[in-house]
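What follows is each chain in one-letter form.
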Amino acid sequence: IIKKKRREWTMDDSDFWMPFNITKKILKEFLVEPISHFWINENRFLCQSITYAYRIGLKYKIYAPREKERKWFSNTSSTQIQGLHMVKDLSGTLVITSSLKDVMTLYSMGIPAIAFQSETTIPDEHIILKLKTHFDCIILFYDTDSAGQYMADKICSKYELLTVILDAQWNSKDVSDFIANEALQQSRIWRIDQIKQLLINVQKSEEKSKGEGKQES
């Protein structure tokens, strides 16, 4: 059992989230709030640095981004999907990414996205089938490291989904890190446009492939 005590928002919170293009409004919409304390089975923990509670259903994930050893605590189940409540009435294209932070960054660009509880999660078939009834195109956008790409390829192969990866020259692990990567010496607007173009390109490539397949048959 995880409980938490909410605290007020501060400039430290803004300084942490804004580089990822994530505003206080977005955090509230995704049920993310800053906390000062939390309890695990009645054991009380004081937050030593900025810490957040992600509410997922009736469960919580505790995220302390500046801690090296105790960054995450959770009582969520592997079947719970992060960001699902924000896409239930949507259609078109859906991105599946590796974290709620990436989900929120994509949302800030107008791109519907969700994340499983872990990048190593293989979703059940009924979950993918249900998503396919709502969305015409589902694209996996996982981390650029070998573990992320291994899982992306595995899931895409199993369920016939599309996948996209950041350009290696951008030297960024995931979507949110790319948006925050000031070392690229390009504007944030440029970085957002690159993400949108990557997703457009993979969809165009798939449409072209399907068109060629019909012609051959």
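Everything here concerns the structure above.
Owing to the predicted nature of the structure, the values given are computational and were not obtained by experimental measurement.

Draft legend 1. Spatial organisation of the nonpolar core. In this structure, Trp 17, Met 104, Phe 141 and Ile 195 are the most contacted members of the largest nonpolar core, which totals 38 residues. When residues of this core are traced back to their parent elements, those giving at least two are α1 (11-17), α2 (24-29), β4 (52-56), α3 (100-108), β8 (113-115), β9 (135-141), α6 (175-180) and α7 (188-216). With five residues, the top contributor of residues to this core is α7. Counting residues in hydrophobic clusters, the runner-up holds 19 residues, among them Leu 94, Ile 128, Leu 140 and Ala 152.

Draft legend 2. Structural detail: helix α4 (residues 125-134). Looking at α4, one finds that the buried residues are Ile 127, Ile 128 and Leu 131. Each buried residue of α4 sits inside an arc of 95° when the element is viewed along its axis, so together they form one side. Opposite its buried face, α4 presents the exposed residues Glu 125, His 126, Lys 130 and Thr 133, each directed more than 90 degrees away. In this structure, the buried residues of α4 make contact with β7 (92-97), β8, β9 and α5 (146-159).

Draft legend 3. Expanded view of the environment of Met 109. Relative to the assigned elements, Met 109 resides in the loop between α3 and β8. A C-alpha to C-alpha distance of 21 Å links Met 109 and Tyr 54, two positions 55 residues apart in sequence. With residues near it in sequence (within four places) discarded, Met 109 still touches Val 175, Ile 179, Ile 192, Ile 195 and Lys 196.

Cut-offs used in this document
Residues numbered from 1 in each chain as written. Predicted model: local features only at pLDDT ≥ 70, side-chain atom pairs only at ≥ 80, totals over all residues. Heavy atoms only, no water. Core = buried A, V, L, I, M, F, W, Y, C linked by side-chain atoms within 4.5 Å. Buried < 20%, exposed > 50% of the residue type's maximum accessible area, 1.4 Å probe, protein only. Helix = DSSP H or I, 4+ residues; strand = E, 2+ residues; numbered from the N terminus. Arc of directions from axis to C-beta. Contact = heavy atoms within 4.5 Å.

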